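The lines below spell out each chain.
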Amino acid sequence: MLKAIELSKTYKSGTDEYRALNGVSVEIADDDCLAIVGKSGSGKSTLMHLLACLDAPTEGRITFDGEDVTTFSNHRLNRFRNEKFGFIFQQFYLNGRDSVIENVVLPLKIRGIGAAERRDKGLEYLRAVGLADKAQKAAKDLSGGEKQRVCIARALAGEPKIIFADEPTGNLDSVTGGMVEETLFRLNREQGIALVIVTHDDELAAKCARRIELRDGEVVAAR
Amino acid sequence: MKIKDLIVTANRNLLRNKLRTALTVMAVFVGAFTLTMTNGLGDGLKDYIETQVKNYEGNNVIFIHKKIELPEGQSKNEPAEYKEQKENEQEFDPNSFAVGLDQIDRLARDFPEVKSVSPDFQIRSEYITLDDGKKYQVQLNALARGVTQKLEAGRQIDGDNQIVLQNDIAKVFSADFQGLIGREVTIGFKGGNPPAMQTLRLTVVGVATKGFMASAFSAIDAATERKIYELQRAGSPDYGRLTTFSFEVAGNDPQVVESVKQRLDKKGFTGETIVDQSKRTYNAIGVFQIGMNMFAFVALLAASFGIINTLVIAVMERTKEIGLQKALGMGQAKVFFLFSLESILIGFWGAVSGIAGAILVGKIGNAWASKYFLESFEGYSLFAFKPAALLTIVAIICLIAFLAGVLPAFRASRLNPIEALRYE
Ligand SMILES: Nc1ncnc2c1ncn2[C@@H]1O[C@H](COP(=O)(O)OP(=O)(O)OP(=O)(O)O)[C@@H](O)[C@H]1O
Ligand SMILES: [Mg+2]
């Protein structure tokens, strides 16, 4: 489904150049579960941002179902990301004063879906992460694990093809982290949503069907 | 994002920091309040002039005075240069506004379309009384031929020894205006040589409507005015020399009136109809109004810096949120629009509350003014608030607020999502 060919990314600041990624190729199939591992600074987040079309590669191409994403207009790219991708970050980026459900339906709101339909879908995905009873609570009143599950519900609400998760359990203790992992893998199994998980937790990576390891911006191992 | 959702979101964002929003709105409030008040004052004055002017009618009457031409390059601050008057009696004195009666007649002969000429004789009267009762001070003046005035009772002057009483004098004579018509009043004035008090009996033919301009004098017929003038001025050096006079143009063609005015101008005279005169006052008020509004715009300028400040801080505070929204596919234009809406809403609420406050204060001011110093100015309100003007004020303030928000909104829209998400 998503194919990255010979991706390179060079960060420039003034005269300094830093090649964070060097000729990385990855392919993500329809119900894939891919872990990206590596040491800090190895380029994991950079690769994920490129795959998720949040940033443009310096070299290389990314195609989705055969179409070259790098040729998309800004408008089309925004719509494309909104419809095909879901995001989970190490930080939650929740709007603390808004209710849980308001946070969950954000991708649908951005897509321009009406309030009633948004509400139904939001509740549906809150149920999927086991938080339907907390829908009206202010997001800031939840525990860390609950917050991350709200983020999963938010990623799901847009009914994406791929969920990108950058260190999804990095801020959680092992028990709540385990619950979050469990939820993600279940969605991958049951609904066939592809997962791309950036982590330096080897245990988590081991639970994924495939993994690639980066070092200094290059793939050094793949399984 | 749908427009409705954007508006709801913008409102919610503003309410997230109620105190800051309220303070920024307050600044706009002050500007909106001032603008509404100053503009309302100007509109009130304009309304007043309009109603006053309607008390006199005469579209084909031109009021004329001589121009004193300043030589080119000479500013009005310098003393006027004296010019030698030529021996020829027909020449107008270049140093004076005064025009001789004979000169007026000769001038009128150059205008075949002029039906009648009314020199504006200035007379002094002492008192007016009915049935030898109490004497009241009065100013008398004949209306220019062709001019009519609005009446409460009776008819316009149409013969000799007639008077149309001004409203306040008629009121002290009798509450029944109709009953006054046909009665005789006595007027007293000083005349003759040496001056001595003399009286004349005039028949009341009408009572004028109320109004500021209409309460300045009572109208008498031209022949009576002339008679008093002769008694008061015959033999004095300025006898027969006037500063203003009027032409009544035959027919009712505004183009003819216009051409007479233009030709008068070429001959060194300024001619104005009643409408021209009121327009001049109207324009003067307009300039005054713009000047006053400038003060309000200074306040709004200050307020717009408040808006800029509020938005710059909001963009900083919400950098991560913007990053997320952009990652989730919200376009640049929508982000820009969202922040612009927030600034426009600040402007909008400031404008609406400012206008509401101004109307409240204006109503109180009107009530107070009509009680204390505008009693005789009936039908006049100090502040006039017109829906069209109020809507314009709202629109202008929203526009100012939008412009104030452009820079921060643009900055928000240009944020890079990854960097914004990383922002600490
Ligand atoms: N915007 C940027 N400008 C300059 N250099 C950058 C930028 N983003 C990342 N880098 C550099 O690129 C390299 C790879 O960064 P990246 O964030 O991809 O690492 P990572 O593998 O995700 O590390 P971590 O596990 O700590 O999150 C780092 O050395 C980082 O300093
Ligand atoms: Mg990283």
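Residues numbered from 1 in each chain as written. Chains lettered and ligands numbered in written order. Predicted model: local features only at pLDDT ≥ 70, side-chain atom pairs only at ≥ 80, totals over all residues. Heavy atoms only, no water.

K.L.:
What's the story with the pattern of salt bridges in this structure? I'm lost.
P.N.:
Any two side chains of opposite charge can pair, given that their charged atoms come close. For the structure on display, the rule yields 35 salt bridges over all chains. Of the charged contacts, one joins A:D55 and A:K9 as a salt bridge, the two residues approaching to 3.5 Å between their closest N and O atoms. Taken together, the residues A:D55 in the loop between α1 (44-51) and β4 (59-64) and A:K9 in strand β1 (residues 2-13) connect sequence positions 46 residues apart. As a salt-bridge pair, A:E67 and A:R76 come within 3.0 Å of each other at their nearest N and O atoms. For A:R76, a relative accessible area of 38% puts it in the partly exposed group. Within the structure, one salt-bridge network assembled from shared partners comprises A:D98, A:E102, A:K109 and B:R12. (Salt bridge = Lys/Arg side-chain N within 4 Å of Asp/Glu carboxyl O. Helix = DSSP H or I, 4+ residues; strand = E, 2+ residues; numbered from the N terminus. Buried < 20%, exposed > 50% of the residue type's maximum accessible area, 1.4 Å probe, protein only.)

K.L.:
Even after reading the chapter, I still don't get the site of ligand 1, so can you show me in this structure?
P.N.:
Residue and element names in this part refer to chain A. Surrounding ligand 1, one finds 14 residues, the nearest of these being S40, G41, K44, S45 and T46. One of the backbone nitrogen or oxygen atoms of S42 is found 3.2 Å away from an oxygen atom of ligand 1. Out of a free accessible area of 630 Å², ligand 1 has 67% covered by protein chains. Counting residues per element, the ones that place at least two in the shell around ligand 1 are β2 (16-28) and α1. Top contributing element to the shell around ligand 1 by residue count: α1, with three residues. (Near = heavy atom within 4 Å. Polar contact = N/O pair within 3.5 Å; in protein donor to acceptor, adjacent residues only side chain to side chain. Areas by Shrake-Rupley, 256 points an atom, 1.4 Å probe, with all protein chains shown as cover.)

K.L.:
Mind showing me how you'd approach a nonpolar patch on the surface here?
P.N.:
There is a patch of nonpolar side chains on the surface, built from B:I3, B:I7 and B:F337 and spanning about 250 Å² of accessible area. The residue B:F337 is located in helix α10 (residues 332-372) in this model. (Patch = residues over 30% accessible without salt bridge, like charges linked within 9 Å, V, L, I, M, F, W, Y side chains within 5 Å.)

K.L.:
Which parts of the structure should I look at to understand the interface of chain A and chain B?
P.N.:
It is common to give the size of an interface as the accessible area lost on bringing the parts into contact. Taken residue by residue, the interface counts 23 residues in chain A and 21 residues in chain B. Summed over both partners, the interface of chain A with chain B buries about 2100 Å², with 55% contributed by carbon and sulfur atoms. When the area that chain A buries against chain B is broken down by residue, the three leading residues are A:Y93, A:K109 and A:I110, summing to 28%. Where chain A touches chain B, the interface holds three salt bridges. For B:D5, the salt bridge identified is with A:R118, shortest N-O distance 2.6 Å. (Contact = heavy atoms within 4.5 Å. Buried area = accessible area lost by both parts, 1.4 Å probe.)

K.L.:
For this particular structure, what's the right way to read the nonpolar core?
P.N.:
Within soluble globular proteins, side chains that are nonpolar generally end up buried alongside one another. Residues A:L47, A:F85, A:I162 and A:F164 are the most contacted members of the largest nonpolar core, which totals 75 residues. Excluding its chain neighbours within four sequence positions, the residues that come into contact with A:F164 are A:L2, A:M48, A:L51, A:A52, A:F85, A:G86, A:F87, A:I88 and A:V196. Among the nonpolar cores identified, the runner-up in size contains 42 residues, and B:V99, B:I128, B:L180 and B:F269 belong to it. (Core = buried A, V, L, I, M, F, W, Y, C linked by side-chain atoms within 4.5 Å.)

K.L.:
Just checking my understanding: could you explain the sheet that holds strand β5 (residues 67-68) of chain A for this structure?
P.N.:
Strand pairs in the sheet, formed through backbone hydrogen bonds, run parallel or antiparallel to each other. Residues and elements named next belong to chain A. The four strands lie next to each other as β2-β1-β4-β5, forming an open sheet whose pairing is antiparallel. Of all the strands in the sheet, just β2 and β5 have a single pairing partner and so form its edges. When β1 meets β4, the two strands line up antiparallel, connected through five bridges. Bridging from a neighbouring strand, L2 pairs with F64 of β4. Strands β1, β2 and β4 of the sheet are contacted by α1, whose axis makes an angle of about 120° with β1. (Pairing = 2+ DSSP bridges. Axes fitted to C-alpha atoms, helices over the stretch in contact; angles between N-to-C directions.)

K.L.:
Please clarify how the state of the cysteines should be interpreted in this entry.
P.N.:
Two cysteines form a disulfide when their sulfur atoms are joined by a covalent bond. All names here are of chain A. Inspection of every chain in the model, using the stated rule, returns zero disulfides over all chains. Cysteine C33 is unpaired, with the sulfur of C208 as its nearest cysteine sulfur at 3.7 Å. The exposure class of C208 is buried, given its relative accessible area of 3%. (Disulfide = S-S within 2.5 Å.)

K.L.:
Quick question: what am I supposed to make of the confidence of the model for chain A here?
P.N.:
Interpreting fine coordinate detail is not advised for predicted regions of low pLDDT. Summarising the model, chain A shows a mean pLDDT of 92, and 100% of its residues fall at 70 or more. Of all the helices and strands in chain A, helix α7 (residues 174-191) of chain A carries the lowest mean pLDDT, 89, while helix α4 (residues 106-111) of chain A carries the highest, 96. (pLDDT = per-residue confidence, 0-100.)

K.L.:
Is there a simple way to think about the packing of helix α8 (residues 274-317) of chain B against helix α11 (residues 387-413) of chain B in this case?
P.N.:
Helix-helix packing is characterised by the crossing angle of the two axes and by the distance between the axes. Residues and elements named next belong to chain B. Two elements in contact, α8 and α11, have axes separated by 9 Å at closest approach and are oriented at 30°. As far as their axial angle goes, α11 and α8 are roughly parallel. Here α8 and α11 pass one another in a crossing that is right-handed. Residue-level contacts link F297, L300, S304, I307, I308, L311, V312 and V315 of α8 to I396, I397, I400, A401, A404, G405, P408 and A412 of α11. (Parallel < 35°, antiparallel > 145°, perpendicular 65-115°, else oblique. Left-handed = near helix turned anticlockwise from the far one by under 90°.)

K.L.:
Help me understand the side chain of B:N60, please; the structure alone is not making it clear to me.
P.N.:
Among the secondary structure elements, B:N60 is positioned in the loop between β1 (56-57) and β2 (61-66). Excluding its chain neighbours within four sequence positions, the residues that come into contact with B:N60 are B:F247, B:E248, B:V249, B:G251, B:N252 and B:V257.

K.L.:
Hey, could you run me through the packing of aromatic side chains in this one?
P.N.:
Remark: the centre distance and the inter-plane angle together describe each pair of aromatic rings, the angle taken between the planes. If you walk through the whole model with that rule in mind, you get 18 aromatic pairs over all chains. On the basis of an interplanar angle of 0° and a centroid distance of 5.9 Å, the ring pair of A:F87 and A:F89 is categorised as stacked. The exposure classification of A:F87 matches that of A:F89, with both residues buried. Consider the rings of B:F336 and B:F402, whose centres lie 6.5 Å apart with planes at 85°: the pair is edge-to-face. Pair noted here: B:F336 is in helix α10 and B:F402 is in helix α11, with a separation of 66 residues, a long-range link. In this structure B:F402 comes out as partly exposed when scored by relative accessible area, which is 26%. Ring pairing ties together the aromatic residues A:F64, A:F72, A:F80, A:F85, A:F87, A:F89, A:Y93 and A:F164, which thus form one cluster. Directly above the aromatic system of A:F72 lies the positively charged group of A:R76, at a separation of 3.9 Å from the ring centroid. (Phe/Tyr/Trp six-rings, centres within 6.5 Å; stacked < 30°, edge-to-face > 60°. Lys NZ or Arg CZ within 6 Å of the ring centre and 35° of its normal.)

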